[in-house]
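Residues per chain, in single letters:
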Amino acid sequence: MSDGGTGNPGTSTAAAEAVPAHRYTAELAAEIERRWQAYWERHGTFHAPNPVGSLAGPVPEDKLFVQDMFPYPSGAGLHVGHPLGFIGTDVFARFNRMLGRNVLHTMGFDAFGLPAEQYAVQTGTHPRTTTEANIERYLAQIRRLGLGHDERRRIATTDIPYYRWTQWIFLKIFGSWYDTNARKARPIPELEAEFAEGRRATPDGRPWGELSRVEQRKIIDSYRLVYLDEAPVNWCPGLGTVLANEEVTADGRSERGNFPVFRRNLRQWMMRITAYADRLADDLDRLDWPEKVKTMQRNWIGRSYGARIRFPVGEHGVDVFTTRPDTVFGATYLVLAPEHPLVDEITATTWPSDVDSRWTGGAATPPEAVAAYRLAASQKSELDRQESRDKTGVFTGAFATNPVNGAAIPVFVADYVLMGYGTGAIMAVPGQDQRDWDFAREFGLPIIRTVRPPEGFDGEAYIGEGPAINSGFLDGLGIDEAKKTIIQWLEEHGHGEGSVQYKLRDWLFSRQRYWGEPFPVVYDEDGLPVALPEHMLPVELPDVPDFSPGTYDPDDRDSEPAPPLAKATDWVEVELDLGDGPKRYRRDTNVMPQWAGSCWYQLRYLDPYNDEQFCAPENERYWMGPRPAEHGQDDPGGVDLYVGGVEHAVLHLLYSRFWHKVLYDLGYVSSEEPYRRLYNQGYIQAYAYTDARGTYVPAEEVEERDGRFFWNGQEVNQEYGKMGKSLKNVVTPDEMCDGYGADTFRLYEMAMGPLDVSRPWATKDVVGAHRFLQRLWRNLVDEHTGAPRVSEEQPDAETLRVLHRTIAEVRENFANLRYNTGIARLIELNNHVTKTFGPGNGDGTPRAVAEPMVLMLAPLSPHLAEELWSLLGHEHSLAHGPFPEADERYLVEDTAEYPIQVNGKVRSRVVVPASAGQDEVRAAALAEEKIVALLEGRQPRKVIVVPGRLVNVVV
RNA sequence: GCCCCCGUAGCCCAAUCGGCAGAGGCAGCGGACUCAAAAUCCGUCCAGUGUCAGUUCGAGUCUGACCGGGGGCACCA
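Conventions we followed
- Residues numbered from 1 in each chain as written.
- Chains lettered and ligands numbered in written order.
- Predicted model: local features only at pLDDT ≥ 70, side-chain atom pairs only at ≥ 80, totals over all residues.
- Heavy atoms only, no water.
- Near = heavy atom within 4 Å.
- Polar contact = N/O pair within 3.5 Å; in protein donor to acceptor, adjacent residues only side chain to side chain.
- Helix = DSSP H or I, 4+ residues; strand = E, 2+ residues; numbered from the N terminus.
- Nonpolar A, V, L, I, M, F, W, Y, C, P; charged D, E, K, R; others polar.
- Patch = residues over 30% accessible without salt bridge, like charges linked within 9 Å, V, L, I, M, F, W, Y side chains within 5 Å.
- Areas by Shrake-Rupley, 256 points an atom, 1.4 Å probe, with all protein chains shown as cover.
- Salt bridge = Lys/Arg side-chain N within 4 Å of Asp/Glu carboxyl O.
- Lys, Arg positive; Asp, Glu negative; His and termini not counted.
- Charge placed at Lys NZ, Arg CZ, Asp CG, Glu CD.
- Buried < 20%, exposed > 50% of the residue type's maximum accessible area, 1.4 Å probe, protein only.
- Axes fitted to C-alpha atoms, helices over the stretch in contact; angles between N-to-C directions.
- Parallel < 35°, antiparallel > 145°, perpendicular 65-115°, else oblique.
- Left-handed = near helix turned anticlockwise from the far one by under 90°.
- Contact = heavy atoms within 4.5 Å.
- Domains from an automatic or database assignment.
- Core = buried A, V, L, I, M, F, W, Y, C linked by side-chain atoms within 4.5 Å.
- Arc of directions from axis to C-beta.
- Expected span 1.5 Å × (residues − 1).

A short note on the protein's contact with RNA strand B
Item 1. Around RNA strand B, the structure places 51 residues, and the nearest of them are T323, R435, P754, R909 and N952.
Item 2. In the interface set of RNA strand B, defined as its atoms within 4 Å of the protein, sugar plus phosphate atoms amount to 63%.
Item 3. One of the side-chain nitrogen or oxygen atoms of R775 is found 3.3 Å away from a phosphate oxygen of RNA strand B.
Item 4. Note that a sugar or linking oxygen of RNA strand B is positioned 3.4 Å from one of the side-chain N or O atoms of R778.
Item 5. Broken down by element, the residue count for the surface near RNA strand B peaks at 8 residues, all from helix α26 (residues 819–837).
Item 6. Of the residues contributing to the surface near RNA strand B, the split by class is 21 nonpolar, 12 polar and 18 charged.

Looking at a negative patch on the surface
Item 1. Together, D553, D555, D556 and D558 line one region of the surface with negative charge.
Item 2. As for its placement among the helices and strands, D558 is situated in the loop between β17 (529–531) and α16 (569–572).
Item 3. Accessibility expressed as a relative area gives 62% for D558, which makes it exposed.

Points about the packing of helix α24 (residues 766–780) against α26
Between two packed helices, what matters for the description is the angle formed by their axes and the separation of those axes.
Item 1. Closest axis-to-axis distance for the α24/α26 pair is 10 Å, and the angle between their directions is 40°. As the angle between them shows, α24 and α26 are arranged oblique. In the packing of α24 onto α26, the handedness of the crossing is left-handed. Contacts between α24 and α26 pair F772, R775, L776 and N779 from the former with L826, I827, N830, N831, V833 and T834 from the latter.
Item 2. When its residues are assigned to classes, the contact of α24 with α26 shows 5 nonpolar, 4 polar and 1 charged.

Points about the domain arrangement of chain A
Item 1. By the assigned domains, chain A splits into domain 1 (19–32 + 762–892), domain 2 (168–298 + 506–593), domain 3 (304–501) and domain 4 (893–954).
Item 2. The distance between the C-alpha centroids of domain 1 and domain 3 comes to 72 Å.

Details of the nonpolar core
Item 1. Within the largest apolar cluster, 88 residues are counted, with the highest numbers of intra-cluster contacts made by F170, W507, F509 and W659.
Item 2. Take this core: its biggest share by element is 9 residues, from helix α6 (residues 160–174).
Item 3. Counting 87 residues, the second largest nonpolar core, distinct from the first, contains V66, A93, L755 and W777.

Regarding helix α14 (residues 434–443)
Item 1. Within α14, burial applies to D436, W437, F439, A440 and F443. Buried residues of α14, seen end-on, are gathered within an arc of 165° and therefore sit on one face of the element.
Item 2. A positive phi of about 65° marks G444, the residue just after α14.

Thoughts on helix α12 (residues 366–379)
An α-helical turn contains 3.6 residues, so any two residues separated by three or four positions project in the same direction.
Item 1. Between its first and last C-alpha, α12 extends 20 Å over 14 residues, near the 20 Å set by a 1.5 Å rise per residue.
Item 2. Those residues of α12 lying buried are P366, A369, V370, Y373 and A377. Taken down its axis, α12 places every buried residue within 95° of arc, on the same side.

A closer look at the pattern of salt bridges
Item 1. Per the stated rule, a full pass over the model turns up 64 salt bridges.
Item 2. In this structure, the salt-bridge partner of R144 is D738, at a minimum N-O distance of 2.7 Å. Of the two residues, R144 is situated in the loop between α5 (127–143) and α6 and D738 in helix α22 (residues 733–740); the sequence distance between them amounts to 594 residues.
Item 3. Looking at R144, the relative accessible area reads 30%, which means it is partly exposed.
Item 4. R224 serves as the salt-bridge partner of D221, at 2.8 Å between the closest nitrogen and oxygen. For the pair D221 and R224, a shared accessibility class is recorded, and that class is buried.
Item 5. A single salt-bridge network, built from bridges that share partners, covers D283, R286, R657, K661, E672 and E673.

Here's what the structure looks like:
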């Protein structure tokens, strides 16, 4: 080509000349990636066959079910942090697929939720329109990444055929009760039979047959695993909805929106997750999950063992829960929560003549003191309570009798005791509880130690081990022994019993929202809920004139919830024939919380088109059933690998386990747990920069000089944290695909560190991954002609050793999700190939090295690998293997080099045959000339030979 | 306040059972190519593992205390 002799160096012709026509550039990558993505789609490369149903096909016994926590399709699109886990699972899935396993990997959308609804409130756009557009945008972004999803299995929780089954599962839960003896859920008709046959007593003892139908139904309803309850809930006027405990922050505000949240009573759907507290806690031991997540779940369930003890107060009895029944001899007063129902009953009319002035709150009578205290307590927000841990309270004027020694002890009302936990009442043992100690000191109450602290203990309450003292028949016993003894004594004498308490509460399951699953329930003329028959499912969301719930002044605690669905009056008021002729019913106007759809989506991935069942049992058993031979006797089954952020450690993962266990109890699934193995990927974070006014400046325009940062000449301040539009530091996967190609982007994300570690994004580092792929390409393809440059010659012994060591390590690394080190090995191999066979070094790379190298690269950078595989003359995709196997012969070395230490410091080294025994190594080391010189004729005191490692000479 | 995790080169990260601190990448530096630059290629410098003690023939790895960062819980009896 000629440049025309005009000497214009800036022309594109010159630029094109500078880069060889077949160099692996972003442009070539884009072309290769488009082509292979089309190929995979055309050939259904990632379609995983099922045992039965519409996706049935031949299924090997060896399978793998990999799942990502599915995303909410937000309108903002993806930044480079989002796909980290998606790529991680894809590499794992592709690796296992190449090993010959039947691999199921797909991705759906958690598509109900507040943002689309809030957008609808603002613009009038139907949430479905917004949601579907966002899903399309999202799919376009992730498709570019070349994720090997079975696209046939995509679902969105908002799909009507999907939420039909969400409603169906709700009905199954509604139609069940928890049999505490059998420790499992059973269908409601079995409960009715127990009542009807007199095997189970009715609450007031009347025979079942004598109760009215409404009375019977109310009893049954009170047993259901999902039930309506007039319960204190977290009412958030600012959002116009109630929230689950989990959605309220510790300072009493909504997690979303940060509005004030008030406690008030409302009639709500509650899921009886507490029935499963023990199994949810116990079965954590059977799961391959990060300990951190298990601990968080255990803490959330908050199981504690102790006793209930009944303290007589006048003609009443106050039950307390304590984890330290062994300290009951040291109980010097009782405390009831302000909301405790017995407070009014026991409060005396007058103060005792010698009442301590600190106890009365300045009131003339106990009822006045209690009323004033209760009012003050009810007006305290969660935040107030948190800010001040000073102990407050008032005396009720009443005395309780300590059942173990007959002592009369005063009864207080104080807000450091919470109504929501245990019995809402405690026995206070200041000697062994710091909170009680603080209160006792404030109010001048006696303190009796019942555990002897160690010599020299100068603290206040003592909570450690020690022998019981001042405790009558318990004296001298250790804590555990004393607990057993006192519980037995309490039970024998009818003063109490051993007891277990949980922090876990039932799950509030109603939302006063529009964009969620409607409840498949109607109310009859008695106002009682009636389940719709299955053939009436799905209950579709009606259109409404206005998507907003009634929202209020965020501080208006007395406002009433008004859900958007209540406005669809034609839908709410229906005439239905539910088996006893057409009658008028009223629909439930709440919707389910966003968690509902994500409780079971792994099951629908397995059988997405089944309209007879939510999932065929054969398909569930194959993909998720327990496999004790592979995973041990205790294997509960579940998804083989579930990857997502640790932020779902409690809520989603606990709810999902709960639903799964219900389905297991009712016989619909064979697995006892939804996710056998869980893995938390780290977060990709980013630097952001603020100027002197605190305004964010575009991060990509900031320059670093000598550890300081400048933007437009002014110095700016570096911050580290999330990526976000408002922080002006977003980097998108699309930019990376444009600049380097998806294969480079994937490789870089996997190479920058272990999958579970959070780290900062650094665009400038991406080029390293790109150069590696470029070098690898250049080793196998002539950059000028595009022809493959492989030879059919056998590689030399050294190359074979490097190759097989690489294979062994890459297999091991991929299998354990350690992609970063696997990639390092591949780079090493490629560096060796470059030196030995690269351009300028002979006639090309031996096929025996080229092919395994391409195959090992395939899970990471699949498009490039497919292209090279095809250039090497293969007709079919490498997606289903083979994957190279290491030949043991090349893994053993003939000689071994031992470093020789003298007193722990490396002084020399010696090469011996690999077969050399300890004595030979020792002799060789001691004969080495530098060592001889160092020893200067002295006898070493000791010589340590670590086979295969080193020699240490101690002098 | 309590509990958990993490501190290795200027930066991101490696380092089986306690056994040679460095695999890989970025940046830097030197060189090749180029009229020049970018891109590309070749070569190369850099820490003794947050601090202090201890165990050991030998500690990044084990133990204790402290410092720094991140996370969870928070009057749960």
